[in-house]
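Residue-level structure breakdown
Listed below are the residues making up each chain.
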Amino acid sequence: MAVTLTEAAARHVTRYLAKRGRGVGVRLGVKTTGCSGLAYKLEYADDVAPEDHVFEGHGVKVLIDPKSLPYLEGTELDFVREGLNEGFRFNNPNEKDRCGCGESFRI
């Protein structure tokens, strides 16, 4: 399995990296927090660490640390606009439950 991103997510990342003037892609991970136990971390990455797992889609690299990979295997990163709101959406087949506030999830 792999971690993928939609064309919309790739377009958004590409535009942001061009505007920023640097970067190789996005770093996706998980951290322990919240009601359900885990939360997603997403940041723009300026370099690839030796231990990173690298996935590429639509010309954009998605970097994942080894500890986060088991939780993110099969995840699709999307970028959506709903009304006045926009942001990344994580379509993770490993999620079993989400907290009511939407900030954390359980595997």
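Residues numbered from 1 in each chain as written. Predicted model: local features only at pLDDT ≥ 70, side-chain atom pairs only at ≥ 80, totals over all residues. Heavy atoms only, no water.

Its location among the elements puts histidine 12 in helix α1 (residues 7-20). Other than its neighbours up to four places away in sequence, histidine 12 contacts Tyr44, Phe79 and Phe88. (Helix = DSSP H or I, 4+ residues; strand = E, 2+ residues; numbered from the N terminus. Contact = heavy atoms within 4.5 Å.)

Time to look at the environment of glycine 25. In this structure, glycine 25 sits in strand β2 (residues 25-33). You can call glycine 25 buried: its relative accessible area is 0%. Measuring from C-alpha to C-alpha, the distance between glycine 25 and valine 62 comes to 5.9 Å, with 37 residues separating the pair along the chain. Setting aside residues up to four positions removed in sequence, glycine 25 forms contacts with Leu17, Glu43, Tyr44, Ala45 and Lys61. (Buried < 20%, exposed > 50% of the residue type's maximum accessible area, 1.4 Å probe, protein only.)

Ranked by internal contacts, the top residues of the largest apolar core, which has 19 residues, are Val3, Leu5, Leu28, Val62, Ile64 and Leu72. Listing elements by their share of this core, those giving two or more residues are α1, β2, β5 (60-64), α2 (69-72) and β6 (76-82). Among the elements that take part in this core, α1 stands out by supplying 4 residues, more than any other. Apart from the residues within four sequence positions on either side, leucine 72 is in contact with Val3, Leu28, Gly29, Val30, Tyr40, Ile64, Asn92 and Asn94. (Core = buried A, V, L, I, M, F, W, Y, C linked by side-chain atoms within 4.5 Å.)

For the structure shown, the criterion picks out 3 aromatic pairs. With a centroid separation of 4.1 Å and an interplanar angle of 15°, the aromatic rings of tyrosine 40 and phenylalanine 90 are classed as stacked. In this pair, tyrosine 40 sits in strand β3 (residues 37-45) while phenylalanine 90 sits in strand β7 (residues 85-91), placing the two residues 50 residues apart along the sequence. Each of the two residues, tyrosine 40 as well as phenylalanine 90, counts as buried. On the numbers, 5.2 Å between centres and 75° between planes, the contact of phenylalanine 79 with phenylalanine 88 is edge-to-face. What makes phenylalanine 79 buried here is its relative accessible area of 9%. (Phe/Tyr/Trp six-rings, centres within 6.5 Å; stacked < 30°, edge-to-face > 60°.)

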